[in-house]
Amino acid sequence: MSEFDQYLSPPNLWFSELHKNEVGLTFRIKDVLYAGHSKYQRIMVVDTFELGKVLILYGSIMFTEKDEYFYHEMLAHVGMFAHPEPKRVLIIGGGDGGTLREVCKHPSVEHVDLVDIDSEVVRISREFFPNIASSFDDPRVSVHFEDGAKFVRESKDRYDVVFVDSSDPVGPATTIFSREFYQSIKEHLTENGVMVAQSESPFYHAQFISGLFDDLKKVFPYVRMYLSWMPAYPSGMWSYAFASLGVDHLPKRGPETLNGKLRFYNPELHKAAFALPNFVKEMVGQD
Ligand code: SPD
C-alpha cells in the first residue's frame, strides 16, 4: 500500500457540512443510500466508515448513528424528568422519530402528538433508521404532517411537555423560531408545563442564541440554557433552551421506571448540564 492510497483509492467520496462557509465537519462516505427532494428540502442518507448511517436535511447533519442518542436523550429526558408526571407531550419537528423514541420510554405518557411539516422525513427514517424511528406505531402516538407554528396556533389542546426538535433556522424550520411561536406554545402548556427546544451552538451562533433567549424571557417566567455534546454538530458544543411556567429544571424523578435503556442521560448529567461557561452566561444574560 503506497502512501497515496488513502487519497487516491475508491471509495474516496467525502461529505462536508460547512459552518458559515468557513469551517466544517467532513467525513468519508461508504455508500449513498438515498438522495432526493421532498416538497420542502433536499434529503440525503449516507453510510459512512466512522459514524454509521447519517441523515442530512437541507445540507445539514441531523444525526449520525454513532451520536444520535447524545442529542435525543438530552433533548427528551431533561424536559420529561423536570416535569412531575408528564402525560401529554407535543413534539414539533423530530420527524426522524428519535425524540419520540425517548419520550415513549416514560410510562406516565398517555398521548403524544408529533407534528412535522415533511412526511418524507418520517418515511425515510422508518426505512433507513428503524432503531430511531421505532415508536411511530406506539398506540399513544398521533403524527400530523403540517407546519408546527400553524398547529400550535390552531390547536385547542394542552400539554405537559412540548419539544421543539427542529433543524437549523433556515429553510422549512424558520417558522418555528419566533416570539409569536413561543407565545402560542406557552398558551398550550398545563400548570407545570415545560418547553425544551434545541438552540444551536454557542460557539458559532452567538447572535442567534442571544436573540432567541431574549424572546423566550419575554414569554416565559422561567428560562434556562443547558449544554451537552454533539460530535457531529457544528463545534460539538450544543445548546438547549428550557422554559416553563414556573417549574424548575431539576429532575423530579429518577430513571429507574423507564421502559428501555439510556445510553447517555443520567440525573447527574441533567443537573450539571445547566452549569454554563462565562461567555455563554453573558450570551444569554444569565448570572
Ligand atoms: N445542526 C443541526 C441541528 C439539528 C437539530 N435537530 C436534529 C433533529 C434530530 N431529531
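Before going further, it helps to spend a moment on the packing of aromatic side chains. Two numbers describe a pair of aromatic rings. These are the distance of the centres and the angle of the planes. In this structure the tally under the stated criterion is 17 aromatic pairs. On the basis of an interplanar angle of 35° and a centroid distance of 4.7 Å, the ring pair of Phe 70 and Phe 264 is categorised as tilted. Residue Phe 70 is found in helix α2 (residues 68-82), and its partner Phe 264 is found in the loop between β12 (237-244) and α8 (267-272); the two are separated by 194 residues along the sequence. Across the pair, exposure class does not vary: Phe 70 and Phe 264 are buried alike.

Bringing the sheet that holds strand β1 (residues 13-19) into the picture now. An order of β1-β2-β3-β4-β5 is seen for the 5 strands of this open sheet, with the pairing classed as antiparallel. At either margin of the open sheet sits one strand with a lone partner, and together these are β1 and β5 (60-64). Strand after strand, the sheet turns through a mean of 45° between neighbouring axes, direction not considered. Relative to strand β4 (residues 53-57), strand β3 (residues 42-48) runs antiparallel, the two being bridged by 5 bridges. Of the residues in β4, the one forming a bridge with Val 46 is Val 54.

Moving on: α2. Counted at 1.5 Å a residue, the expected span for α2 with its 15 residues is 21 Å, and the 22 Å between its end C-alpha atoms agrees. Counting buried positions along α2 yields 15 of 15 residues, so the element is predominantly enclosed.

Its location among the elements puts Ser 239 in strand β12. As for Ser 239 and Phe 181, which are separated by 58 residues in sequence, their C-alpha atoms are 19 Å apart. Not counting chain neighbours up to four residues away, the residues in contact with Ser 239 comprise Gln 198, Ser 199, Glu 200, Pro 202, Ile 209, Met 225, Tyr 226 and Leu 227. One polar contact links the side chain of Ser 239 to the main-chain carbonyl oxygen of Glu 200, over a distance of 2.7 Å.

In the vicinity of the ligand, the contacting residues are Ser 60, Ile 61, Met 62, Tyr 71, His 72, Asp 96, Asp 165, Ser 166, Asp 168, Gln 198, Tyr 233 and Trp 238. The separation between a nitrogen atom of the ligand and a polar side-chain atom of Tyr 71 is 3.1 Å. In this structure, Asp 168 approaches the ligand through a side-chain N or O atom, which is 2.9 Å from a nitrogen atom. Residue assignment for the shell around the ligand shows that the elements contributing at least two residues are β5 and α2.

Next up on the list: the pairing of strand β2 (residues 23-37). Bridge analysis of β1 against β2 gives 7 bridges, and the strand direction is antiparallel. Across the sheet, Phe 15 pairs through a bridge with Phe 27, a residue of β2. Between the antiparallel neighbours β1 and β2 lie 3 residues, among them Lys 20 with a positive phi of about 55°. By the bridge criterion, 7 bridges tie β2 to β3 in an arrangement that is antiparallel. Within β3, the residue paired with Tyr 34 across the bridge is Val 45.

With that settled, consider helix α7 (residues 206-219). Here α7 spans 20 Å end to end across 14 residues, near enough to the 20 Å set by a 1.5 Å rise per residue. Inspection of α7 places Ile 209, Leu 212, Phe 213, Asp 215, Leu 216 and Val 219 among the buried residues, and these make up the whole buried set. Seen along its axis, α7 keeps its buried residues to an arc of 160°; they face one direction. Of the exposed residues in α7, those oriented more than 90 degrees away from the buried face are Gln 207 and Lys 218. Taken together, the buried residues of α7 touch α6 (179-187), β10 (189-198), β11 (222-229), β12 and α9 (278-284).

Before going further, it helps to examine the nonpolar core. If you look at the biggest cluster of nonpolar residues, it comprises 40 residues, and the most contacted ones within it are Val 103, Phe 163, Tyr 226 and Phe 242. Looking at this core, the element that brings in the most residues is α2, giving 10 residues. Val 103 has contacts with Ala 76, Met 80, Val 89, Ile 91, Val 109, Val 112 and Phe 163, leaving out every residue within four places of it along the chain.

Moving on to the domain arrangement of the protein chain. As far as domains go, the protein chain holds domain 1 (5-62) and domain 2 (68-284). The interface is formed by 20 residues belonging to domain 1 together with 19 residues belonging to domain 2. Contact between domain 1 and domain 2 buries roughly 1,800 Å² in total, counting both sides, with carbon and sulfur atoms accounting for 69%. Viewed at the interface, domain 2 and domain 1 are joined by 0 salt bridges. Our enumeration of links across domain 1 and domain 2 arrives at 6 residue pairs in polar contact (both at pLDDT 80 or more). Taken together, the elements giving at least two residues each to the side of domain 1 that touches domain 2 come down to β1, β2, β3, β4 and β5. Within the side of domain 1 that touches domain 2, the residues separate by chemical class into 13 nonpolar, 4 polar and 3 charged.

What counts and what doesn't
Residues numbered from 1 in each chain as written. Predicted model: local features only at pLDDT ≥ 70, side-chain atom pairs only at ≥ 80, totals over all residues. Heavy atoms only, no water. Phe/Tyr/Trp six-rings, centres within 6.5 Å; stacked < 30°, edge-to-face > 60°. Helix = DSSP H or I, 4+ residues; strand = E, 2+ residues; numbered from the N terminus. Buried < 20%, exposed > 50% of the residue type's maximum accessible area, 1.4 Å probe, protein only. Pairing = 2+ DSSP bridges. Axes fitted to C-alpha atoms, helices over the stretch in contact; angles between N-to-C directions. Expected span 1.5 Å × (residues − 1). Contact = heavy atoms within 4.5 Å. Polar contact = N/O pair within 3.5 Å; in protein donor to acceptor, adjacent residues only side chain to side chain. Near = heavy atom within 4 Å. Arc of directions from axis to C-beta. Core = buried A, V, L, I, M, F, W, Y, C linked by side-chain atoms within 4.5 Å. Domains from an automatic or database assignment. Buried area = accessible area lost by both parts, 1.4 Å probe. Salt bridge = Lys/Arg side-chain N within 4 Å of Asp/Glu carboxyl O. Nonpolar A, V, L, I, M, F, W, Y, C, P; charged D, E, K, R; others polar.

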